[in-house]
Amino acid sequence: MKKFLIRLSLFSCIALLATSLVLMKYGGYIDYFYLKFTTPKQHSFILGDSRSFQGIQPRIVDAELKDKGFELPMFNYSFTITQAAYGPAYTESVKRKMDPDTKNGLFIINVNPWVLAQREKDDFGNGIFMEADHPPHNMRWVNMNPNFEYVVKNFNYLHIRALFKQNSELHPDGWMEERNLPKDSATFVGWKQNQYKIYNGFAQRWKKCDYRVKALKEMIQFLEQHGTVVLVRMPVDEKLQEIETNFWPEFDTTIEKLAKTTNVSYFNLLKNDKYKTYDGNHIDKFGGVAFTKDLCQLILKQKKSPNIRH
């Protein structure tokens, strides 16, 4: 029995090491979060769900805001709607990832009804959060390379087959590049219909939530100690706008009030059809360049004239 346990332990260590080595070399293709936890502490962040994960590009922010008084480079610490929910755990993860000496960081926070909603498994009174078992919320160590904690806790996020297809890539700056964009219109229509189905499901199961709005306020107040905070609502197509409006009619009023009380800027770009989405929900990588540039210009304009509201 002793020999068996020794062999099992040895095998487990070898398997863990092998997996980590593969992730170090190909992690951007086979796991869409791993590199976020192997990079150093950061000064500036993009936060939110998959809309900002794909749609706001750190390299563009770095180029547009170079020598403008912000501590760069920018790092995209967004996730997908499954993991992205504003609450105590997300704030704590940002604290772990941030360089504590940051004084002039830039923090771009993507807001929409879904990242501030109460979900089926949430029981705030008893400290139960749906996102607790997902990254980044289940991670204690967020700056280790290789990161064995991530491999052990989040092995189910690894997709070895993706290495051969390379349809998507997580870049070292945290930005997710979606490469698998079809050329036929029928596929795009199908993708949009799937997004409508997903978000209609959320609207039926989830609830608008003051608790998460309060948690976002607390995150903003923490980040303001380290630099400039801006809130942005990213564009989606008309059908998703309708779903969101029906789910939380006064959402923009809630965020405008939050921005006013915390003295931060809110850029509501929801209905801006300049930036086309490939599935109704996500700006593609080409539109993301234009969107990120325009967002940077709004940030600079607000910095020069802080009394202007958008």
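Residues numbered from 1 in each chain as written. Predicted model: local features only at pLDDT ≥ 70, side-chain atom pairs only at ≥ 80, totals over all residues. Heavy atoms only, no water.

Draft legend 1. Up close: the pairing of strand β3 (residues 105-110). Counted residue by residue, β3 has 6 buried out of 6 residues, so it is predominantly covered. Of the two faces of β3, the one carrying Gly105, Phe107 and Ile109 and the one carrying Leu106, Ile108 and Asn110 are both buried. Pairing geometry for strand β1 (residues 44-47) and β3, over 3 bridges, is parallel. Its bridge partner lying in β3, Ile46 is registered against Ile108. Here 6 bridges tie β3 to strand β8 (residues 227-233), and the two strands are oriented parallel to one another. Directly across from Leu106, in β8, lies its bridge partner Thr228. (Buried < 20%, exposed > 50% of the residue type's maximum accessible area, 1.4 Å probe, protein only. Helix = DSSP H or I, 4+ residues; strand = E, 2+ residues; numbered from the N terminus. Pairing = 2+ DSSP bridges.)

Draft legend 2. Layout of the packing of aromatic side chains. For the coordinates displayed, the defined rule picks out 26 aromatic pairs. An angle of 20 degrees between the planes, with centres 6.3 Å apart, marks the rings of Phe45 and Phe107 as stacked. Placement of the pair is Phe45 in strand β1 and Phe107 in strand β3, with a sequence separation of 62 residues. Between Phe124 and Phe129 the ring centres are 5.5 Å apart and the planes differ by 40 degrees, which places this aromatic pair in the tilted class. For the residue pair Phe124 and Phe129, the accessibility class agrees, reading buried in each case. An aromatic cluster is built from Phe33, Tyr34, Phe37, Phe45, Phe53, Phe75, Tyr77, Phe79, Tyr86, Tyr90, Phe107 and Tyr150, whose rings are joined through pairwise contacts. Here the guanidinium or amino end of Lys36 rests over the ring plane of Phe79, the centre of that ring lying 5.2 Å away. We note Arg51 situated over the ring of Tyr199; from NZ or CZ to the ring centre the distance is 5.7 Å. (Phe/Tyr/Trp six-rings, centres within 6.5 Å; stacked < 30°, edge-to-face > 60°. Lys NZ or Arg CZ within 6 Å of the ring centre and 35° of its normal.)

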